[in-house]
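Now for the letters of each chain:
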Amino acid sequence: MFITPLGILYVVLAVCVLALTITLIVLLVNVNRVVKDIADTTDKINGLVTKIDDFIVKPIKLASGILDKVMPIIRYFTDKK
């Protein structure tokens, strides 16, 4: 059936193309998993940064704003003595 060298070449070429296709599919599946893991990690980090902003940075900004308004009054009364 595949006695001719050209027939053997076609069979070998078909097997090589099949192996290459399977390898590329496996590679794409793994890349897809890595990208999904990166997206999940990015979402978790984004949530954590939002919580840090809500519970640490915003109160500090609020306290700093209050001090900016109150300090001139305190300086006025301390300089008056």
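Data block above holds the structure.
All values reported here derive from a predicted model rather than from experimental measurement.

Trainee: For this particular structure, what's the right way to read the overall build of the protein?
Mentor: When helices and strands are tallied, the protein shows one helix and zero strands. Against the 2.2 N^0.38 benchmark of 12 Å for 81 residues, the protein shows a C-alpha radius of gyration of 34 Å, more extended than a compact globule. Along the three orthogonal principal directions, the C-alpha set of the protein runs to about 110 × 15 × 10 Å. In the protein, which comprises 81 residues, the proportion classed as buried is 1%. Within the structure as shown, the protein displays about 7,600 Å² of accessible surface, and the carbon and sulfur contribution to it stands at 75%. Of the side-chain charges in the protein, 10 are positive and 7 negative, and the distance between the mean point of each set is 6 Å.

Trainee: How should the pattern of salt bridges be read in this particular structure?
Mentor: Any two side chains of opposite charge can pair, given that their charged atoms come close. Scanning all chains against the criterion turns up two salt bridges. Between aspartate 40 and lysine 36 there is a salt bridge whose closest N-O contact spans 3.4 Å. Of this pair, aspartate 40 and lysine 36 both sit in helix α1 (residues 5–80), four residues apart, which is roughly one turn of that helix. By relative accessible area, which is 33% here, aspartate 40 ends up partly exposed. Taking the shortest distance from any N to any O, the salt bridge between aspartate 54 and lysine 58 comes out at 3.3 Å. Remark: lysine 58 and aspartate 54 occur in helix α1; sequence separation between them is four residues, near one turn of the helix.

Trainee: Just to check I follow, could you spell out α1 for this structure?
Mentor: Taking 1.5 Å per residue, 76 residues should reach 112 Å; α1 reaches 108 Å between its end C-alpha atoms and fits that length. The largest bend in α1 comes to about 40 degrees, at aspartate 53.

Trainee: Help me understand the environment of glycine 47, please; the structure alone is not making it clear to me.
Mentor: Tracing the sequence through the fold places glycine 47 in helix α1. Put simply, glycine 47 and isoleucine 22 are 25 residues apart on the chain and 38 Å apart in space, counted from C-alpha to C-alpha.

Trainee: Please explain a nonpolar patch on the surface as it appears in this structure.
Mentor: Judged by side-chain polarity, Leu48, Ile52, Phe55, Ile56, Val57 and Ile60 come together as a nonpolar surface patch covering roughly 590 Å² of accessible area. In this structure, isoleucine 52 sits in helix α1.

Procedures and definitions
Residues numbered from 1 in each chain as written. Predicted model: local features only at pLDDT ≥ 70, side-chain atom pairs only at ≥ 80, totals over all residues. Heavy atoms only, no water. Helix = DSSP H or I, 4+ residues; strand = E, 2+ residues; numbered from the N terminus. Rg over C-alpha atoms; globule rule 2.2 N^0.38 Å. Buried < 20%, exposed > 50% of the residue type's maximum accessible area, 1.4 Å probe, protein only. Areas by Shrake-Rupley, 256 points an atom, 1.4 Å probe, with all protein chains shown as cover. Lys, Arg positive; Asp, Glu negative; His and termini not counted. Charge placed at Lys NZ, Arg CZ, Asp CG, Glu CD. Salt bridge = Lys/Arg side-chain N within 4 Å of Asp/Glu carboxyl O. Expected span 1.5 Å × (residues − 1). Bend = angle between axes of the 7 residues up to and from the residue. Patch = residues over 30% accessible without salt bridge, like charges linked within 9 Å, V, L, I, M, F, W, Y side chains within 5 Å.

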